[in-house]
Amino acid sequence: MSEHFDVHGGARLAGEVEVVGAKNSVLKLMAAALLAEGTTTITNCPQILDVPLMADVLRSVGCTVDLDGDTARITTPAELSHRADSPAMSKLRASVCVLGPLVGRLKRAVVALPGGDAIGSRPLDMHQNGLRSLGATSTIEHGCVVAKADTLQGAQIWLDFPSVGATENILMAAVLANGTTVIDNAAREPEIVDICTMLVQMGADIEGAGTSTLTVHGVDSLHPTEHRVIGDRIVGATWAFAAAMTRGDITVRGVDPHHLDLVLDKLRLAGAEVTPFDGTGFRIVQEDRPKSVDFVTLPYPGFATDLQPFAVALSSISEGTSMITENVYEARFRFIEEMQRLGADARTDGHHAVVRGVEKLSSAPVWASDIRAGAGLVLAGLCADGITEIWDVFHIDRGYPHFVENLNRLGARIERVAGDPERS
């Protein structure tokens, strides 16, 4: 049976919430464990659906993976399989991040093309071109990325776009290559810094983490380590938007507020009182109806495309008119069709959306198209009259541990209900 959420409108959220490890980091850290024989331990793992899926991917190449609460222990054997074609690959975009470590360690890989959220085109050209620059061949054959090399040699690599996934795959291949690799226009996200930190703990030689130029001096081998995942800035920001939208008072702990500097500045402009705690969290208090703010998505340190649904949801109940510009994933605006079901006054033109705020949304059945769209619809449902049904909530479970429980603890009324939808 399908599940949906019944979200009762009219709640004001208040209280404290703890953010655990970042989804966009933990899956890549799990893949990095392939680079070293032995047992790597990763702590502060979020208890979300994607973690056991990634564990299945690693098991498919010969690893033993033990998941115990917020700890993952990954034992990588001396002899790994180069074929990563677990059925879990089709459900998980991040599964492609095993490509770099397999090529780096084994000099060959066959990796099934990944699945994941329906948010637009995310080709693997930059991943493949980076591996080719290091001396590998890379083709798409029978639904798999096929890469192989006699040796990997350091190279100067320029990325056309600061892709997080391409940066990670090239980085994980380059740490065991001969010589020095320089990745220019590299992604700068905190999750990139996190994986660089873990790789250095494993014995890699990396300079420039957090900047647009990564310099990797190849080493002969790496060793296992224990590493704690950074707090999830996207989940932290979700709670920040929840406070602003419901005129609430939420203290968020477990995430570095500096990873959310731009987000918190935008919420200040919307009228929120923001109090950051050094390195550990922040408090958001919103007394009045939010004011309209414009948003433009860009790679970090810009406003994250993952947060665009929350920008739309906030704008839909704000005072005034907002312009939201999407520069990263063209299909993110599918979310607006569902917001219109809730009475949002929003129109799109290319990669721009104009949202005129209304005082209150109206409840309706809506469907989540991806993780963040699903969470955005939940927040919108809290600002609607009546009960909003949100379907395809498995998306939300992929990114938010204990989401319903945390919301109810903050004062929402939301229930998980089994049953099949009758979509009109």
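Refer to the structure above for everything that follows.
Note that the structure is predicted; figures quoted are calculated from it, not measured.

Take helix H2 (residues 50-60) next. Asp 50, Val 51, Leu 53, Met 54, Ala 55, Val 57 and Leu 58 are the residues of H2 that are buried. Those residues of H2 hidden inside the fold are in contact with helix H1 (23-32), strand E4 (64-68) and strand E5 (71-76). Two residues or fewer after H2 comes Gly 62, characterised by a positive phi angle close to 115°.

A few words now on the pattern of salt bridges. Applying the stated criterion to the full structure yields 16 salt bridges. Here Arg 416 and Glu 3 are joined by a salt bridge, their closest N and O atoms 3.1 Å apart. Taken as a pair, Arg 416 in strand E26 (residues 414-418) and Glu 3 in strand E1 (residues 3-8) lie far apart in primary sequence, 413 residues in all. For the salt bridge of Arg 73 with Asp 66, the shortest nitrogen-to-oxygen distance reads 3.8 Å. A relative accessible area of 38% places Asp 66 in the partly exposed class. One network of salt bridges, with partners in common, ties together Glu 3, Asp 397 and Arg 416.

Attention shifts here to the sheet that holds strand E13 (residues 213-217). Consider a sheet: its strands pair through backbone hydrogen bonds, and that pairing is either parallel or antiparallel. Read across the open sheet, the 4 strands follow the order E10-E11-E13-E12; overall the sheet is mixed. Of all the strands in the sheet, the pair left with one neighbour each is strand E10 (156-158) and strand E12 (205-207). Between one strand axis and the next, the sheet turns through 15° on average, direction left out of account.

Attention now moves to the nonpolar core. Met 30, Met 54, Val 98, Leu 199 and Leu 222 are the most contacted members of the largest nonpolar core, which totals 80 residues. Other than its neighbours up to four places away in sequence, Val 98 contacts Ala 31, Leu 34, Met 54, Val 57, Leu 58, Ala 84, Val 111 and Asn 169.

Here we take up the packing of aromatic side chains. Enumeration according to the criterion identifies 6 aromatic pairs in this entry. Seen in terms of ring centroids, Trp 239 and Phe 403 are 5.6 Å apart; in terms of plane orientation they differ by 45°. Their pairing is tilted. You can see Trp 239 sitting in helix H7 (residues 233-245) and its partner Phe 403 sitting in helix H13 (residues 403-409), a full 164 residues away along the chain. Since its relative accessible area comes to 2%, Trp 239 is described here as buried. On the numbers, 4.9 Å between centres and 40° between planes, the contact of Tyr 400 with Phe 403 is tilted. Judged on exposure class, the residue Tyr 400 and its partner Phe 403 are both buried. Linked through ring pairs, Phe 241, Phe 295, Phe 303 and Phe 310 together constitute an aromatic cluster. The ring of Phe 295 carries the charged tip of Lys 266 above its face, separated from the ring centre by 5.6 Å.

This part covers the layout of surface pockets. Of the volumes computed, that of the second largest pocket is approximately 210 Å³. What lines the second largest pocket is Gly 10, Ala 11, Arg 12, Met 245, Thr 246, Arg 247, Arg 289, Ile 317, Glu 359, Lys 360, Leu 382 and Cys 383.

As a further point, take the sheet that holds strand E7 (residues 108-112). The 4 strands lie next to each other as E6-E7-E9-E8, forming an open sheet whose pairing is mixed. Here the strands that pair on one side only, and so sit at the sheet edges, are strand E6 (83-84) and strand E8 (137-141). Inspection of the sheet shows E7 paired to strand E9 (residues 144-148) by 5 bridges, in the antiparallel sense. Bridged to Arg 108 within E9 is Lys 148. Packing of helix H4 (residues 125-133) onto the sheet brings it into contact with E8 and E9, and relative to E8 it is tilted by some 145°.

Procedures and definitions
Residues numbered from 1 in each chain as written. Predicted model: local features only at pLDDT ≥ 70, side-chain atom pairs only at ≥ 80, totals over all residues. Heavy atoms only, no water. Buried < 20%, exposed > 50% of the residue type's maximum accessible area, 1.4 Å probe, protein only. Helix = DSSP H or I, 4+ residues; strand = E, 2+ residues; numbered from the N terminus. Contact = heavy atoms within 4.5 Å. Salt bridge = Lys/Arg side-chain N within 4 Å of Asp/Glu carboxyl O. Pairing = 2+ DSSP bridges. Axes fitted to C-alpha atoms, helices over the stretch in contact; angles between N-to-C directions. Core = buried A, V, L, I, M, F, W, Y, C linked by side-chain atoms within 4.5 Å. Phe/Tyr/Trp six-rings, centres within 6.5 Å; stacked < 30°, edge-to-face > 60°. Lys NZ or Arg CZ within 6 Å of the ring centre and 35° of its normal. 1 Å grid on protein atoms, 1.4 Å probe; cavity = no way out; pocket = protein on both sides within 12 Å on 5 of 7 lines; lining within 4 Å. Points joined across faces, edges and corners; volume = space filled by probe spheres on them.

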